[in-house]
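What follows is each chain in one-letter form.
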Amino acid sequence: MRGMLSPSLMCADVLNLEKELTVLDNLGVDYIHLDFMDNKFVPNITLDTGLIKATKSVISHMKRDIHIMAFEPQQYFDRMEIGEGDVVSVHYEACDDLSEIFADIRSRGASPFLAISPDTKPEVLTDFFDEIDGVLVMTVYPGFAGRPMVEGSFEKLAAVRRLIDESGKKLLLEVDGHVSWDYCKKMRDCGADIFVAGSSSIYQKGLDISEAVERMTEMVK
Ligand code: DX5
Ligand code: ZN
């Protein structure tokens, strides 16, 4: 499985999102990372449900990689128009009935992923390996772009990769948070498949987005 990029739209030029989406789509990027926050599970609000829904009318190749940092995430699925081909990550720490949520996501033709924050042990994931298509490992504390990577994140990524391989399940491993130029290759070596590219890489000031995407794609392939 080759490494794939998921640029984080909340780190792009928020005054020109349609253009940002079109550029990425034309570059053949695999995913677009759409962060949704409820200001309760995390103390921040970023992209809202209307904008997440509107992205469907702009992108044609990329898959929506929707990262829901919110309690009771199902209440937002209709407003986001969750559907065929979407990846939807919900947080272990924020949800009561994960099995019901995963079944709801699947019933809409989308792929359920389970996200864990830095303080959550990787072992909790294995109970849900039969119900999901991937896991999202947060290597920063969720809620804001530009945060430093949490100590021990490389080891945690490798541990999750081991758990997936031992299970024999074909699950994707997504890494989200401070996926920087310096760290992305090591994250790949630890077993990550999907890389959320944000303010510590392709959206750094002054970079040409096409060159940055090409460079990072090469680094994680
Ligand atoms: C933070 C979000 C991330 C964020 C990554 O809670 O989940 O997707 O955009 O941004 P950087 O790369 O700056 O950590
Ligand atoms: Zn995210």
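Everything below is about the structure shown above.
Computed from a predicted model, the values in this text were never measured in an experiment.

1. Here's the deal with the overall build of the protein
Part 1 of the argument: A count of helices and strands for the protein gives 7 helices and 8 strands.
Part 2 of the argument: Its C-alpha atoms give the protein a radius of gyration of 16 Å, near enough to 17 Å, the size a compact globule of 221 residues would have.
Part 3 of the argument: Overall, the C-alpha framework of the protein stretches about 45 × 35 × 30 Å when taken along its three principal axes.
Part 4 of the argument: A total of 221 residues make up the protein; the buried ones form 57% of that total.
Part 5 of the argument: In the protein, 62% of the contacts between residues at least 6 apart in sequence involve partners at least 24 apart.
Part 6 of the argument: Split by element, the accessible area of the protein, about 10000 Å² in all, is 49% carbon and sulfur.

2. Considering helix 1 (residues 17–26)
Part 1 of the argument: Looking only at helix 1, the buried set comprises L17, E20, L21, L24 and D25. Take helix 1 and look down its axis: the buried residues cluster within an arc of 130°, on one side only. When the buried face of helix 1 is taken as reference, the exposed residues oriented beyond 90 degrees from it are E18, K19 and N26.
Part 2 of the argument: Where helix 1 is buried, its residues meet strand 1 (4–7), strand 2 (31–37), helix 2 (49–54) and helix 7 (209–220).

3. Focus: the coordination of the zinc ion (ligand 2)
Part 1 of the argument: Protein ligation of the zinc ion (ligand 2) involves H33 (NE2), D35 (OD), H67 (ND1) and D176 (OD), the donor distances falling in the range 2.1 to 2.3 Å.
Part 2 of the argument: Around the zinc ion (ligand 2) sit 6 donor atoms; with metal-centred angles ranging over 71 to 174°, the donor geometry is octahedral.
Part 3 of the argument: Donor residues binding the zinc ion (ligand 2) come from one chain and are separated in sequence as H-x1-D-x31-H-x108-D. Taken together, the residues D35 in strand 2 and D176 in strand 7 (residues 172–176) connect sequence positions 141 residues apart.
Part 4 of the argument: Classification of D35 as buried rests on a relative accessible area of 5%.

4. Section: helix 5 (residues 153–167)
Part 1 of the argument: In a regular helix each residue adds 1.5 Å, so 15 residues correspond to 21 Å; helix 5 covers 21 Å between its end C-alpha atoms and thus fits that length.
Part 2 of the argument: Against the buried residues of helix 5 lie strand 5 (111–116), strand 6 (134–138), strand 7 and helix 6 (184–189).
Part 3 of the argument: Count one or two residues on from helix 5 and you reach G168, which has phi positive near 75°.

5. Topic: the site of ligand 1
Part 1 of the argument: By nearness alone, 21 residues border ligand 1, and S8, G143, G146, D176 and S199 come closest of all.
Part 2 of the argument: Here H67 contributes a side-chain N or O atom positioned 3.2 Å from an oxygen atom of ligand 1.
Part 3 of the argument: One of the backbone N or O atoms of G146 is found 2.8 Å from an oxygen atom in ligand 1.
Part 4 of the argument: Against a free-state accessible area of 380 Å², the protein chains account for coverage of 100% of ligand 1.
Part 5 of the argument: Looking at the shell around ligand 1, the element that brings in the most residues is strand 2, giving 3 residues.
Part 6 of the argument: The residue inventory of the shell around ligand 1, partitioned by class, reads 9 nonpolar, 10 polar and 2 charged.

6. Structural notes on the pattern of salt bridges
It is possible for side chains bearing opposite charge to pair when their charged atoms get close.
Part 1 of the argument: Per the stated rule, a full pass over the model turns up 12 salt bridges.
Part 2 of the argument: As a salt-bridge pair, R2 and D30 come within 2.9 Å of each other at their nearest N and O atoms. You can see R2 sitting in the segment before strand 1 and its partner D30 sitting in the loop between helix 1 and strand 2, a full 28 residues away along the chain.
Part 3 of the argument: E218 is paired through a salt bridge with K221; the nearest N and O atoms lie 2.4 Å apart.
Part 4 of the argument: Residue class for E218 comes out partly exposed when judged on its relative accessible area of 48%.
Part 5 of the argument: Look at the salt bridges and you will find they share partners, linking R161, D165, R188 and D193 into a network.

Basis of the calculations
Residues numbered from 1 in each chain as written. Chains lettered and ligands numbered in written order. Predicted model: local features only at pLDDT ≥ 70, side-chain atom pairs only at ≥ 80, totals over all residues. Heavy atoms only, no water. Helix = DSSP H or I, 4+ residues; strand = E, 2+ residues; numbered from the N terminus. Rg over C-alpha atoms; globule rule 2.2 N^0.38 Å. Buried < 20%, exposed > 50% of the residue type's maximum accessible area, 1.4 Å probe, protein only. Contact = heavy atoms within 4.5 Å. Areas by Shrake-Rupley, 256 points an atom, 1.4 Å probe, with all protein chains shown as cover. Arc of directions from axis to C-beta. Donors = N, O, S within 2.8 Å, 3.2 Å for Na, K, Ca; no water. Tetrahedral: all angles 85-135°; square planar, octahedral: opposite > 155°, others 65-115°. Expected span 1.5 Å × (residues − 1). Near = heavy atom within 4 Å. Polar contact = N/O pair within 3.5 Å; in protein donor to acceptor, adjacent residues only side chain to side chain. Nonpolar A, V, L, I, M, F, W, Y, C, P; charged D, E, K, R; others polar. Salt bridge = Lys/Arg side-chain N within 4 Å of Asp/Glu carboxyl O.

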